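A closer look at the structure
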Amino acid sequence: MLLVQLRRDAVGARGDGFLHAADDRLDLASRDIAPELELQLLWQLVEEVDIFPSLIDLAGITVPQDLQGTSWVPLLKNPQTSGKDFVLMQYPHCTADNTVHKCWEANDTQAMGYSIRVADWRYTEWLEFDCDRHNPMTNCTSVAPQWDRQLGVELYDHSTDPSQTFGDFENVNLAYLPAHEGIVAELHQRLRSVWVPP
């Protein structure tokens, strides 16, 4: 039996075999995938691109080396295994009210967010984006980040945020506080150095 449950808005500790993505709240229920694995709560950095290689791995098939993602099965088999030290995310700044997506625009400029998530921090740079945010591969000359067209930045400390619900999480942007200049500079450089152009 194969059971995979994807939930993008769940938060909190559950001892039920879920593997929690650290930032974008992707929960993967793996309880019935590998019954030989002990149920445990793991906090590791994983990405959506890791789902496919993980399912292949759980099925006992050799994972092709040219896939973009990485199987998280070794993390389930040995919780002491080191996972990824960072994950990347790209997303428009939008909200959904069940009927329509409302996207943030700065001075009538479309914005795209590029984030890096490390163990204790999430850092995002909001950049001008000339393409359709919901269909960027159509009629667009380049979807590569335009690093020189920054609109704003965000920094959140995940080691001290006590929030238990998604709506309460990441409400204090630390990016512009002098005490965090060092981590902002470090993550700014790291984001730009590891982002692979399409």
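Here, every reference points to the structure presented above.
Below, the structure is looked at part by part. (Residues numbered from 1 in each chain as written. Predicted model: local features only at pLDDT ≥ 70, side-chain atom pairs only at ≥ 80, totals over all residues. Heavy atoms only, no water.)

Attention now moves to helix α1 (residues 51-58). Each turn of an α-helix holds 3.6 residues, which means side chains three or four residues apart point in the same direction. All buried positions along α1 are accounted for by Ile51, Pro53, Ser54 and Ile56. Two residues or fewer past α1, Gly60 is found with a positive phi of approximately 85°. (Buried < 20%, exposed > 50% of the residue type's maximum accessible area, 1.4 Å probe, protein only. Helix = DSSP H or I, 4+ residues; strand = E, 2+ residues; numbered from the N terminus.)

In this fold, Arg122 is placed in strand β10 (residues 121-128). Of the polar contacts made by the side chain of Arg122, one reaches the side chain of Ser115; its length is 3.3 Å. (Polar contact = N/O pair within 3.5 Å; in protein donor to acceptor, adjacent residues only side chain to side chain.)

Moving on: the nonpolar core. Tyr114, Ile116, Trp121, Tyr123, Leu155, Leu187 and Leu191 are the most contacted members of the largest nonpolar core, which totals 19 residues. Only β9 (109-117), β10, β11 (150-157) and α3 (181-194) provide two or more residues apiece to this core. With 4 residues, the top contributor of residues to this core is α3. Leave out the neighbours within four places in its chain, and Trp121 touches Ile116, Leu155, Tyr156, Asp157, His158, Leu174, His180, Ile183 and Leu187. (Core = buried A, V, L, I, M, F, W, Y, C linked by side-chain atoms within 4.5 Å. Contact = heavy atoms within 4.5 Å.)

Bringing the pattern of salt bridges into the picture now. By the definition in use, this model includes 7 salt bridges. For the salt bridge of Glu47 with Lys84, the shortest nitrogen-to-oxygen distance reads 2.6 Å. With Glu47 in the loop between β4 (42-43) and α1 and Lys84 in the loop between α2 (73-77) and β5 (87-92), this residue pair connects regions lying 37 residues apart in the sequence. The closest approach of N and O atoms between Glu154 and Arg122, which form a salt bridge, is 3.6 Å. Within this pair, whereas Glu154 is found in strand β11, its partner Arg122 is found in strand β10, the two being separated by 32 residues in sequence. (Salt bridge = Lys/Arg side-chain N within 4 Å of Asp/Glu carboxyl O.)

On to the packing of aromatic side chains, then. According to the stated counting rule, one finds 4 aromatic pairs in the structure shown. On the basis of an interplanar angle of 80° and a centroid distance of 5.7 Å, the ring pair of Tyr91 and Trp126 is categorised as edge-to-face. Here Trp126 lies in strand β10 and Tyr91 lies in strand β5, a separation of 35 residues in the sequence. According to the relative accessible area criterion, Tyr91 is partly exposed, its value standing at 23%. Through successive ring pairs, a cluster of aromatic residues spans Tyr114, Trp147 and Trp195. (Phe/Tyr/Trp six-rings, centres within 6.5 Å; stacked < 30°, edge-to-face > 60°.)

Everything listed here is a matter of coordinates, which is why it stays silent on function.
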